[in-house]
Structure formats: structure tokens, C-alpha cells
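So the chains spell out like this:
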Amino acid sequence: FIGYISKVILMAIIRKIRSDSPFFGVLKKGDDLREINGNAVKDFLDYMFFSADMSDENGALSERPVSLTVIRKGRSLTFTETVFGGDLRLDFEDDLMDDQKVCHNKCVFCFIDQMPKNMRDTLYYKDDDFRLSLIYGNYITMTNLSDEDIDRIIRLRVSPLNISVHTTNPELRVKMMANPRAAKINENLSKIYEAGLEARCQIVLCKGINDGEELDRTMRDLKKLYPSVTSVSIVPVGLTKYREGLYPLESFENEDAARVLKQINDFGDDCLEEIGTRLFYPADEFFLQSGTPIPDCDYYENFEQIENGVGMTACFDRDFREVMASTFSDKTLKAKLTLVTGVLIFDFISAVCEDIRDKFPNVSITVYPITNKFFGEKITVAGLVTGGDIIEQLKGKDLGDCLLIPGTMLKDGKVFLDDITLAELSRVLKIKVSNAGSRAEELVNTVISVSKR
């Protein structure tokens, strides 16, 4: 079929047809996908849903004809191919295939509002798009969702969703997010529950606002939504030094962290006994700040919230032990190395490096905790350390043969948040610099690699 259209809206532009695609050699780069089997494609959700294979009750995939309608140079073309499974193996210029929905909240704890000026534009962008929650795991507040959006989520079975709850007290949630639509959280979560969809939730905990009795209330309400709510991470608010004119917030001190940790764990213990899952998981910061030992991996069950900083330390520790158990001692390796990290994780990383030194006795590793001057000293996590702070605090020191940088500090493996590159860091400090990665195996392999003579 060949037809013509008068208006072209280029959104689902095909960037690549992979060689194993059933449409390889049929579609072309630059084609604009409009329909799948006669169903209009508005965005990637439609693409995923209408191209999915509806397998039988035993889960067996089937061969079936799939028709794609594209716009090519102003003409409408339809191609039909036999497809097995649900992946058409097409890549698009824009993963979303549509404009992103921006955040309209003014949360009292928003980290982006606490950023210094003149950083790269992407660091100031606030998204609140439920489709990005599915693609990248972004957390959404649901304040952007209309009734039609909720209906579409249910109809297309968009699951799991990552949802920023913060509190189930409607009035308090409106206060925290400065958006009247925030009051609908319980209504929206109930719809997700009734539809049998899954939600991973998070609570950004603010001292004196949504902690204490309010946290108990929120945990009770979310527990009632199990198994639709599959896990809840509870993370402390991050406060930079750039808060002039913003809502007055306080940091959690060591004793506060211990109190919050006990509250969450007590409730989680009850959940484990009653419903078979802990359900509520405190961020690693609460353990590290309070000086409480990191739990074993069993505590985190399936590590569902690890991308939100929950269980990363336990996972790293487990992987490190496994790597070291399978690594032979080597006295031929010789080097003097320096490793930087954040203040919060310093003690843990120092112990890790002691174990590496025991395995490689002629390799010395000096660990420096970098105080965060860029964002403020209350920011203690390694992932927010900047190149400028590393330069300022290490300049003039004897750094040995190589400076190791954790991968969590870097974008694309080579750029810090303040846009300083590894190459610039190396030039200014006059030392070889190496990205040590984010995983235990990467750190050990990096140490071995840079220590070989």
C-alpha cells in the first residue's frame, strides 16, 4: 500500500534496523513509524505493547505476521513480515518517541533546586514522566498523571512503576511538593493496586517533616498495598550549601540516623514475619552514618532498590569477598597507588584496600576521603565528589604511581559533575589517572592492571 499525507510529525524516527530484525533490508534509517497492525503509535509504550507477542497460556512464543506503517519521504508505506517473539529489534532516534513531561512540583527537598549555577544544562532538567520510569527506572510523583494517563497505564500494563511517595498524608504531601495534585497519591496507588500492577516506591525522608509518626503512617498505608507495592526505599534528604531562599531543612545527625534505622527495621521485621518480606529498606547512608554494621545480602532479598542506593555496600562487600577468594596472592605486583572516595564510605573502602594490600603485599594504596566543598560538607556520598575538590585536596601530595577514581564519580567514565575530565585531572596533578569502576571486580582488576611492571 502506498499513500500520501499532508502533515508529518516526526517522532518515532528509526535510527537503526538491527541485522537480526525481521524488517532488516525492508525498513530504512529515517523511516517514521506510525502504525503497528493498524494501531497508531504515539510513543514507545505503544511500540512495545502493539509489537509484543501474545504468548499462549504456557508462555510459548509464536510466529505471526506484523504490519508496520511508516512515513518515508512524505509517503505512507506498509510492510508485513513474519515475526517470532515480541522484539522487532528496531532502534529509534528518541527512546521516548514523544516530548518528555516535566516536573511541575516545587518539592522542599528537591536536589536540583540546590544546584549551583553555570553547570551543564542537563543537570537542571526535571522530568516527571511515567514512561521514563519504565525505560530508565526514574521515580515519578504521579502529579502529572491525568485520569486518561492512569487508564492508559492500566490498559498497556505499564509495570513496574517507580513512584516517589514521601508521605501518604495528603495534606502533608501537598505541603512537601507545593502541588495540590499531590493529594491524590492514595487514590492513584489504589488504582495501581486494583489493576494488579507493581510499584516500587521511595520516601525521601526530611527531618521533622515526614519522619517519626508520619513515617509510621506512610509505612502502614503502603504495607496495605502489598503485593502491588513490592518494595519501599527510604533515603535521607540531601542538603547542599546552595539553599538560600529555600524551605529550611535539617540534616540527619548520627543519632537521628540510628533512630530512623531502628524505626524502619522494627517495622520491616514485623512485615517479614507477617507477609514474608521486609518491604521497607533504609538507604545505606543510615547504616554508615549511624555506625551500624551493614547487613548481609539476605537482608535486601532481591536487591530491588539497589539503583536507589539501597544495598550497594552489602552487594559490593559480597562481590569483593568472592573476587578476593578466587584471586591468587601475587608478590610480583608492585605499585604505590592512591584512591579517592567520599567521606561517608571512607572507613568501608579503607578496609577493602587493606584486604587488597594483604593479597598483594608490594602494592600500597592510600585512601583519601574527599570533603565536598563544591556542594557543601553535608554532602558526603562518593557519587557527588567533583574533580575540582579532588584537585584542591590532593594537589602537592605524593600520589605515587597512579590515582584511582571510582566510576560512581564519573559520567560516561571520564567526566565529573563539574565537567572536569580525567585527562584534566591527570594533567593538573601530574599523575596517571585510572577509572577504577563501580564494581568490586573492576576495582581489583584495575589495581592488578596498573601494578604490573
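Not measured: the values here are computed from a predicted model.

1. Brief notes about a negative patch on the surface
Then, in step 1: Together, Glu93, Asp94, Asp95 and Asp99 give the surface a local cluster of negative charge.
Then, in step 2: Tracing the backbone shows aspartate 94 in the loop between β7 (90-92) and α2 (130-136).

2. Section: the sheet that holds strand β8 (residues 161-164)
Then, in step 1: Reading across the sheet, the four strands line up as β8-β9-β10-β11 and stay open at both edges, with parallel pairing between neighbours. Of all strands in the sheet, those with a lone pairing partner are β8 and β11 (280-282), marking the two edges. On average, each strand axis in the sheet is tilted by 20 degrees relative to the strand beside it, whichever way the strands run.
Then, in step 2: Two elements, strand β9 (residues 199-205) and strand β10 (residues 229-236), share seven bridges in a ladder whose sense is parallel. Its bridge partner being in β10, valine 204 is matched across the sheet by valine 235.

3. Some points on the nonpolar core
Then, in step 1: Core analysis: the largest hydrophobic core is formed by 86 residues, its most contacted members being Ile163, Ile234 and Phe280.
Then, in step 2: Sequence-distant contacts of isoleucine 163, that is, excluding residues within four places in its chain, are made with Tyr139, Ile140, Met142, Ile185, Leu189, Ala199, Arg200, Cys201 and Gln202.
Then, in step 3: Core analysis: the next-biggest nonpolar cluster, separate from the first, contains 46 residues, Leu333, Phe348, Ile370 and Ile420 among them.

4. Side note on the pairing of β9
Then, in step 1: Of all seven residues in β9, six are buried, a share of seventy percent or more.
Then, in step 2: As defined by bridge partners, β8 adjoins β9 across four bridges and the pair is classed as parallel. Along β9, the bridge assignment pairs asparagine 162 with arginine 200.
Then, in step 3: Where the polypeptide runs from β9 across helix α6 (residues 212-223) and back to β10, its parallel neighbour, the crossover connection is right-handed.

5. A look at the confidence of the model for the protein chain
Then, in step 1: Across the protein chain, the average pLDDT comes to 91, with 96% of residues at or above 70.
Then, in step 2: Every residue in residues 1-10 scores below 50 in pLDDT, and together they form 20 contacts with partners more than four places removed in sequence or on other chains.

6. Regarding the environment of cysteine 353
Then, in step 1: Note that cysteine 353 resides in helix α10 (residues 346-359).
Then, in step 2: For cysteine 353 and threonine 366, which are 13 residues apart along the polypeptide, the C-alpha to C-alpha distance reads 8.3 Å.
Then, in step 3: Ignoring sequence-local partners within four residues, the contact set of cysteine 353 consists of Leu339, Ile365 and Val367.

7. Comments concerning helix α1 (residues 44-51)
Then, in step 1: Where α1 is concerned, the buried positions are Phe44, Leu45, Asp46, Tyr47 and Ser51.
Then, in step 2: Considering only its buried residues, α1 is in contact with β3 (32-36), β4 (39-40), β5 (63-72), β7, α2 and α3 (147-155).

Parameters at a glance
- Residues numbered from 1 in each chain as written.
- Predicted model: local features only at pLDDT ≥ 70, side-chain atom pairs only at ≥ 80, totals over all residues.
- Heavy atoms only, no water.
- Patch = residues over 30% accessible without salt bridge, like charges linked within 9 Å, V, L, I, M, F, W, Y side chains within 5 Å.
- Areas by Shrake-Rupley, 256 points an atom, 1.4 Å probe, with all protein chains shown as cover.
- Salt bridge = Lys/Arg side-chain N within 4 Å of Asp/Glu carboxyl O.
- Lys, Arg positive; Asp, Glu negative; His and termini not counted.
- Charge placed at Lys NZ, Arg CZ, Asp CG, Glu CD.
- Helix = DSSP H or I, 4+ residues; strand = E, 2+ residues; numbered from the N terminus.
- Pairing = 2+ DSSP bridges.
- Axes fitted to C-alpha atoms, helices over the stretch in contact; angles between N-to-C directions.
- Core = buried A, V, L, I, M, F, W, Y, C linked by side-chain atoms within 4.5 Å.
- Buried < 20%, exposed > 50% of the residue type's maximum accessible area, 1.4 Å probe, protein only.
- Contact = heavy atoms within 4.5 Å.
- Right-handed = clockwise from strand over helix to strand, strands pointing away.
- pLDDT = per-residue confidence, 0-100.

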